[in-house]
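# Coordinates in review
For reference, the chains in residue letters:
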Amino acid sequence: MLELSHVNMRFGGVMALSDMSFHIQEGSLTGIIGPNGAGKTTIFNIISGVYTPTEGQVYFQGCDITPLKAYQIIRLGVARTFQNLRLFTRSTVLDNVMTSAQNRYINTYREEYFTGGMSQANRPAPESWYSFIESCLHVGRWAKTERTLRKTSLELLDRVGLADRADQTAGTLPYGMQRRLEIARALALSPKLLLLDEPAAGMNPEEVFELNDLITGIHRDFKLTILVIEHHMDLIMRICPHIICLNFGAKIAEGSSGDIQNNPEVLAAYLGTDEEE
Amino acid sequence: MKRTLILILIGFALALWPLGGYQEGIVILMCINCIAAMGVSILTGFTGIFTLGHAAYMALGAYTTAILTVRYGVHWFPAVIAGGLMAVIIAWLIGIPTLKLTGDYYAIASIGLGEAIRLILENWQSFTRGARGFPGIDPYTTRTMAVVIFIVLAILMFNLLDSRLGRELRASRDDGTAASLMGFNTPRTRMKALVISAFFCGIAGSLLGGYMSFIQPSMFDMMKSTELTAVVVFGGLGSMSGTILGSAAITLIMEYFRDISQYRMLIYGLLLVVIMVFRPEGLLGSHEVWELLRWRRKNNA
Amino acid sequence: MAFTFSTFIQQVINGLSLGSVYALIAVGYSLVYSILLFSNFAHGGFLVVGGYACYYLLTQWGYGVSVSMFGALIASGITAVITERLAYKPIRERTSLTLYLLIASMGVNIIIENLFVVTVGGRIRALPQNTFPTGVFSLWGGVTLSASDILSLVTAVIFLGLLQVFLNRTRWGLAIRAAACDIRTAGLMGVNVTFLISLVFFVAGVLAAVGGIFLSVRYSLYPQLGSITTKAFIAAVIGGLGSLPGAVVGSLILGLAEMLTAGFISSQMRDLVVYSLLVIMLLIRPAGFFGKEISEKI
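Reading the values: the criteria
- Residues numbered from 1 in each chain as written.
- Chains lettered and ligands numbered in written order.
- Predicted model: local features only at pLDDT ≥ 70, side-chain atom pairs only at ≥ 80, totals over all residues.
- Heavy atoms only, no water.
- Patch = residues over 30% accessible without salt bridge, like charges linked within 9 Å, V, L, I, M, F, W, Y side chains within 5 Å.
- Areas by Shrake-Rupley, 256 points an atom, 1.4 Å probe, with all protein chains shown as cover.
- Salt bridge = Lys/Arg side-chain N within 4 Å of Asp/Glu carboxyl O.
- Lys, Arg positive; Asp, Glu negative; His and termini not counted.
- Charge placed at Lys NZ, Arg CZ, Asp CG, Glu CD.
- Helix = DSSP H or I, 4+ residues; strand = E, 2+ residues; numbered from the N terminus.
- Phe/Tyr/Trp six-rings, centres within 6.5 Å; stacked < 30°, edge-to-face > 60°.
- Buried < 20%, exposed > 50% of the residue type's maximum accessible area, 1.4 Å probe, protein only.
- Contact = heavy atoms within 4.5 Å.
- Buried area = accessible area lost by both parts, 1.4 Å probe.
- Core = buried A, V, L, I, M, F, W, Y, C linked by side-chain atoms within 4.5 Å.
- Pairing = 2+ DSSP bridges.
- Axes fitted to C-alpha atoms, helices over the stretch in contact; angles between N-to-C directions.
- Expected span 1.5 Å × (residues − 1).
- Parallel < 35°, antiparallel > 145°, perpendicular 65-115°, else oblique.
- Nonpolar A, V, L, I, M, F, W, Y, C, P; charged D, E, K, R; others polar.
- Left-handed = near helix turned anticlockwise from the far one by under 90°.
- Disulfide = S-S within 2.5 Å.
- pLDDT = per-residue confidence, 0-100.

## Side note on a positive patch on the surface
All names here are of chain B.
- Taken together, the side chains of Lys 2, Arg 294, Arg 297 and Lys 298 make up a positively charged region of the molecular surface.
- Looking at the positive patch, the element that brings in the most residues is helix H14 (residues 289–300), giving 3 residues.
- Within the secondary structure, Arg 294 sits in helix H14.

Shown next, in the form of structure tokens:
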């Protein structure tokens, strides 16, 4: 469902990613590992349209999404979290989730009249949409839609264990909860592909353990394809059947957790740095 | 619903309370200032775009309405709406290129554009009568009319903020990148905020013209723009009720000091600095009045 | 107005002279921006303080020109430092949002302007006739070069040169340049940041005073004189906010554009041209000629 094909990313003279290609199966749970500066977050930034790759293509569900802007890619059904938390800190927890819940889109494919190819068009999902006039006057679909948004958002908050914090200002939550709120906010988009950028960073072992269950749980219940970047090797090893390993902007290994653990290049990349420490 | 009813009650009080001619004038001025401040608030307080040129949109509204009513004998009501719409059109044209700018760059650009609009009005003698001003405007802004328009606009504004659009604006204010990665077309978000804010300021300008019966480009200079933004900060960035309370308070304070008018601006400047130093979050912070009341009740219980 | 070569030369001279005054103001403003990343709208106030200090030292206390000028520079510098200590520092310690600093600086500008209105009145004043050389040299074809033009150009060059030496050759100058890159790191490296910021404000105040004195010679002195700094801000933005060479280049461009417009189109249009120039520049190259493009880490 997601494919990177010979992607190069250059910042000035620095090659952040070189000839990156991989394919993600629909419904899979894949981990991306690698030392600091290996280009993991850059991959997420390219998939979600923050950066346009210098060379190469990104395909999502068969469509070339390389030239699309971030918000267009998100509307196709990609959602992500951020390594360095990026919540809407001054809004309440519930508002954070509702803010993305209102952005559900339905993709329709249509045949392009001139080019003969297929293109994707998005229209807002009817259950989360109402017009400007209805916003001004609070008439028509406003009440029903707001109720639905609130309900689905509260359900998601319940799922990540934050239901009792719904009215708190997001910026005042403890760190681990902010991470879980990021996941709830991403899920509210009802994505097909979920990108989790270091979801366990800064968490204590107990919280990491709960996070394990949460990720495998939502993968199962929401029928999602998930891509996780993580520093915690044990988390990745435990939950991801499939792992991609990067070093210096290039893919050095790909396979099951067993393969990766025994791969000499991976060991060199990780243990090499360990010896120096 | 409760909010709307309370606003309507406030409207009745403002419109029907027996007042002398001088106090009526203050009520009208308060309504006009509040409308303009609401416009700047949605842009600066709720979308995080800092403007120092919004007096120009008031000028556009004022001149459009004045020219339509005086030259073409149009009824004041469509003329006032046209004033708002003129501000919207110009804001949209200006917004396309300039909204790409962020932070101080947009603020400085808005100064430039605001002053440019004022200078055009000043130099287009044949159409606007230039710097000497545009006299003889029918005094259509009565107290009842100003209050009704203010209350209607306030109801619409509060409703708007309590809807999809309100969340969209706040998201793009708190973190523009995150907003675009939650599926918002953020340049469009910023444009929506600018256009709505220009509409409010345009209407305020139109009403000001009808109240003073005389307008002059120098009424809409950078000082006025600064005042609008300062009032919004005073009320609390991200609090619409704070903006209204702040704007009403500043109008009253300024009226109170009218007798010692030379000290007025000095006090105003001091007020700005003191607020920034001691209470930068403004009167209400980023909360609305009823949220604060609800918390107080919860804490007492 | 017909295009004549002599008018052109005349307006170029006037433009450079005006531009050099803008440059003095814009450089100080840009210097503060480069360290604290906010637009200090009180800069116009510093300029007014300089102008009035010079006026009163000359007329009321009867000091000589050089003493009066020196006194004015010190007065303006101290005003800038006091402003920073009383208004900006408490805000900086409380929040990282530069918006609050910006509004406070507007408040300070209003306070300074109206302090003069209240105490000495809004009357327009002129520095005494014999303060500065007033000779006018006739060049060819009716082109004239006044002594005050030469003086303002030379003074601007001297002061900007001194600033350059200060920033490049002295310990504190280097510290300021380091802080312009990253103030927090500079603090960690053991630089006394509070003193450094005060120093920056002092320098900015001094430069503003020089600009203020020249403006009051060229035009006249009144409490609202500070509003001319808007032009200097625009010059700084055109050059690239926070860049000192940018501020100088932007100022000269603006001075030339203004005077050429006044000479060949109409003097009413000059401000309009300035603002159009700003908008065009922001559209083509938002970071200005010498500005840094900022990118955000995600």
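## Regarding the packing of aromatic side chains
- By the definition in use, this model includes 15 aromatic pairs over all chains.
- For the ring pair Phe199(B) and Phe200(B), a centre distance of 6.4 Å and an interplane angle of 75° mean the geometry is edge-to-face.
- The class for Phe200(B) is buried, based on a relative accessible area of 4%.
- Taken together, the ring pairs in this structure connect Tyr52(C), Tyr55(C), Tyr56(C) and Phe116(C) into an aromatic cluster.

## Re the interface of chain B and chain C
- On the side of chain C, 40 residues touch chain B, which itself brings 37 residues to the contact.
- Together, Asp104(B), Tyr105(B) and Ile108(B) form the three largest contributors to the area buried by chain B at its contact with chain C, with a combined 20%.
- Connecting chain B to chain C are 0 salt bridges.
- Breaking the side of chain B that touches chain C down by element, the ones donating at least two residues are helix H4 (76–98), helix H5 (103–123), helix H11 (222–235) and helix H13 (261–278) of chain B.

## Some remarks on the side chain of Ser172(B)
- Summarising the element assignment, Ser172(B) is placed in helix H8 (residues 164–174).
- The residues touching Ser172(B), leaving out its near neighbours within four places in the chain, are Thr47(B), Ala179(B), Thr186(B) and Thr189(B).

## Observations regarding the nonpolar core
- Core analysis: the largest hydrophobic core is formed by 195 residues, its most contacted members being Ile35(B), Met38(B), Tyr57(B), Phe150(B), Tyr88(C) and Phe201(C).
- Non-local contacts of Phe150(B), meaning those with residues more than four positions away in its chain, are made with Leu14(B), Cys31(B), Cys34(B), Ile35(B), Met38(B) and Ile244(B).
- The next biggest cluster of nonpolar side chains, apart from the first, holds 58 residues, and it includes Leu149(A), Leu157(A), Val160(A) and Leu181(A).

## Focus on the sheet that holds strand S3 (residues 29–33) of chain A
Residue and element names in this part refer to chain A.
- Pairing is mixed across the open sheet formed by 6 strands, whose spatial order is S6-S9-S10-S3-S11-S12. If you trace the sheet from one side to the other, it starts and ends with strand S6 (78–80) and strand S12 (250–256), each paired once. For this sheet the average axis-to-axis angle between neighbouring strands, irrespective of direction, equals 15°.
- In this structure, S3 lies alongside strand S10 (residues 225–229), joined through 4 bridges in parallel fashion. Paired with Leu 29 across the two strands is Ile 226, which belongs to S10.
- The strands touched by helix H1 (residues 40–47) within the sheet are S3, S6, strand S9 (193–197), S10 and strand S11 (242–247), with S9 carrying the most contacts at an inclination of about 150°.
- Set on the sheet, helix H2 (residues 70–77) makes contact with S6 and S9; between it and S6 the angle comes to about 110°.

## Looking at helix H1 (residues 5–36) of chain C
Residue and element names in this part refer to chain C.
- Its 32 residues place the ends of H1 45 Å apart at the C-alpha level, agreeing with the 46 Å of an ideal helix rising 1.5 Å per residue.
- Among the 32 residues of H1, 26 are classified as buried, and the element is accordingly described as predominantly covered.
- Just past H1, the residue Leu 37 takes up positive phi, approximately 60°.

## Remarks on the packing of helix H6 (residues 171–181) of chain C against helix H8 (residues 193–218) of chain C
Residue and element names in this part refer to chain C.
- Packing of H6 against H8 leaves a shortest axis separation of 10 Å and a crossing angle of 100°. Considered as vectors, H6 and H8 are oriented roughly perpendicular to each other. For the pair H6 and H8, contact is made by Trp 172, Ala 175, Ile 176 and Ala 179 and by Phe 195, Leu 196, Leu 199 and Val 200, respectively.
- Here the residues of the contact of H6 with H8 are counted per class, giving 8 nonpolar, no polar and no charged.

## Topic: the pairing of S3(A)
- Within S3(A), 5 of the 5 residues are buried, leaving the element largely enclosed by the surrounding structure.
- Side chains Leu29(A), Gly31(A) and Ile33(A) of S3(A) all project onto a buried face; the interleaved residues Thr30(A) and Ile32(A) project onto the opposite face, where all are buried too.

## Thoughts on the pattern of salt bridges
- Using the criterion set out here, one finds 22 salt bridges over all chains in the structure.
- The shortest N-O distance in the salt bridge between Glu115(B) and Arg118(B) comes to 2.9 Å. Of this pair, Glu115(B) and Arg118(B) are both found in helix H5, 3 residues apart, which corresponds to roughly one turn of the helix. Just as Glu115(B) is buried, Arg118(B) falls in that class too.
- Members of the salt-bridge network, linked through shared partners, are Lys231(C), Glu258(C), Arg270(C) and Asp271(C).

## Here we look at the packing of H13(B) against helix H4 (residues 98–119) of chain C
- Between H13(B) and H4(C), the shortest axis-to-axis distance is 8 Å and the interhelical angle comes to 155°. Considered as vectors, H13(B) and H4(C) are oriented roughly antiparallel to each other. Pair H13(B) / H4(C) crosses with left-handed handedness. Here Gln262(B), Tyr263(B), Met265(B), Leu266(B), Tyr268(B), Gly269(B), Leu270(B), Leu272(B), Val273(B) and Met276(B) of H13(B) come into contact with H4(C), specifically with Tyr100(C), Ile103(C), Ala104(C), Gly107(C), Val108(C), Ile110(C), Ile111(C), Asn114(C), Leu115(C) and Val118(C).
- Considering only residue class, the contact of H13(B) with H4(C) consists of 16 nonpolar, 4 polar and no charged.

## With respect to the environment of Ile213(C)
- Within the element layout of this structure, Ile213(C) appears in helix H8.
- Remark: the alpha-carbon pair of Ile213(C) and Val49(C), spanning 164 residues in sequence, is separated by 9.6 Å.

## Section: the state of the cysteines
Residues and elements named next belong to chain B.
- Counting across every chain of the model gives 0 disulfides over all chains.
- The thiol of Cys 31 is unpaired, and the distance to the nearest cysteine sulfur, on Cys 34, comes to 6.7 Å.
- Among the cysteines around Cys 201, which has no disulfide bond, Cys 34 carries the closest sulfur, lying 12 Å off.

## Details of the confidence of the model for chain C
- Averaged over every residue, the pLDDT of chain C is 83; residues scoring 70 or more account for 93%.
- Reported for the predicted complex are a pTM of 0.88 and an ipTM of 0.88.

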